[in-house]
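Below are the chains, spelled out letter by letter.
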Amino acid sequence: MTTIMEGKKVAAYLSEEIKNALEESHKHGIKPKIAFVRIGDLTDAISYENAAVRRVEKLGIDTEQFHFPGDVSAKAFLTKFREINEDYSINGILLLQPIPKHIDMKRVVELMNPIKDIDGMTPINIGKVLMAEDDRLEPCTPAAVMEILKFYDIDLKGKNVTVVGASAVVGKPLSLSLMNKEATVTTCNLYTDNLVDKCKNADVIISAAGVMNLIDEEHVKEGAVVIDVGINFTEEGRMVGDVNYEAVKDKTSFITPVPGGVGAITTTVLAYHLMMATDFQKEPVLFLES
């Protein structure tokens, strides 16, 4: 019988841990705060920011929003970003993406203090994912996938896992996290030949390609675990994932829906990372020279 992996249950569990950590911080006179930084007015970025702000404020976390016009000069933005980064009242920074091409993303990331980097963008945090260090701050979507696997007690050791999608913010760090759990990982991308062959023997399939109905019945073996990270929209405006859910679900042992699966916990993971970052900042603060 298939188990539907509900993101809201995972979010509720993480929320209790966040509330406990928040109470502990308040006892020490610390009020954790996230800075949301957005350039321009792209609809997707605004929607994600609004959802994230609502979620973290509901948990009792302070927020501050910094908005810049799309044509802001690189110099003006980087100067202000440095100020945000060095503001001791701010414990975590989320830079909404994408940013305009005239601003060098590499330079922005170089400016960011890695212990305020709650979406795991900096090379230091990606390196800590590689090394499986306890004080890592991972990209939120891969972290959400790992949290949902942990919550539903999916043993990854020795399992064959196929990750479809190799982006720097999801597929690559997720593959590293899975390997750190001793899974045998196959990572596919847009140029992978015969995707069915790469998936049909997998114990776990995780799709983060952003292609509607990419994963169909022929890709999935009986009893597999299927995690759908994709976000796509039908012509009628209905949100769907990468997986043909109705065709696949009866073959699986566990499956995430879209919406209501991984996406339902990413903003909660963001808040969880803020509490981790706040805890790290109780130690001497590391600011990189830039």
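Please read these numbers as outputs of a predicted model, since none were measured by experiment.

Engineer: Is there a simple way to explain the sheet that holds strand β4 (residues 92-95) in this structure?
Structural biologist: Adjacent strands of a sheet pair through backbone hydrogen bonds, lying either parallel or antiparallel. Strands sit in the order β3-β2-β4 across an open sheet of three strands; the sheet is parallel. Both outer strands of the open sheet, β3 (62-68) and β4, are each paired with one neighbouring strand and no more. The mean angle between the axes of side-by-side strands here comes to 20°, regardless of whether they run parallel or antiparallel. Its contacts with the sheet put helix α2 (residues 43-58) on β2 (33-39), β3 and β4, and the angle it makes with β2 is roughly 170°.

Engineer: Please explain the pairing of strand β8 (residues 225-228) as it appears in this structure.
Structural biologist: On a regular strand, each side chain points to the face opposite its neighbour's, so the side chains alternate between the two faces of the sheet. On β8, burial covers both faces: V225 and I227 on one face and V226 and D228 on the other are all buried. Pairing of strand β7 (residues 204-207) with β8, which is carried by four bridges, proceeds in the parallel orientation. When the bridges of β8 are listed, V204 appears paired with V225.

Engineer: Could you clarify how one ought to interpret the side chain of T63 in this entry?
Structural biologist: Along the chain, T63 turns up in strand β3. Separated by 2.6 Å, the side chains of T63 and E57 make a polar contact. Residues in contact with T63, not counting those within four places in the same chain, are K33, I34, F36, V53, V56 and E57.

Engineer: Looking at this structure, I do not really get the environment of T266. What am I missing?
Structural biologist: Along the chain, T266 falls in helix α10 (residues 266-280). Residues T266 and C140 lie 126 residues apart in sequence; the distance between their C-alpha atoms is 5.8 Å. Beyond its immediate chain neighbours, meaning those up to four positions away, T266 contacts Y48, C140, T141 and A144. A polar atom in the side chain of T266 sits 3.3 Å from the backbone oxygen of G263.

Procedures and definitions
Numbering of residues begins from 1 in every chain and follows the order in which that chain's sequence is written. For a predicted model such as this one, the threshold for reporting local features is a pLDDT of at least 70, and the threshold for listing and counting side-chain atom pairs is 80 or more; totals across whole chains, interfaces and linings nevertheless cover every residue. To obtain the side-chain values, all non-hydrogen atoms of the structure were used and water was disregarded. Criterion used throughout: strands pair if DSSP finds at least two bridges between them. Helix numbering and strand numbering both begin at the N terminus, where a helix is a DSSP run of H or I of at least 4 residues and a strand a DSSP run of E of at least 2. Here the axes come from fitting lines to C-alpha atoms, over the contacting stretch only for helices, and the angles between their N-to-C directions go from 0 to 180 degrees. Throughout, a contact is declared for two residues whenever any of their heavy atoms are within 4.5 Å. Three exposure classes are used, based on accessible area relative to the maximum for each residue type with a 1.4 Å probe and protein chains only: buried under 20%, partly exposed in between, and exposed over 50%. Whenever a nitrogen or oxygen atom comes within 3.5 Å of another N or O atom, the pair is scored as a polar contact, on the condition that within protein one atom can donate a hydrogen and the other can accept it, and that pairs from neighbouring residues in sequence are kept only if both atoms are in side chains.

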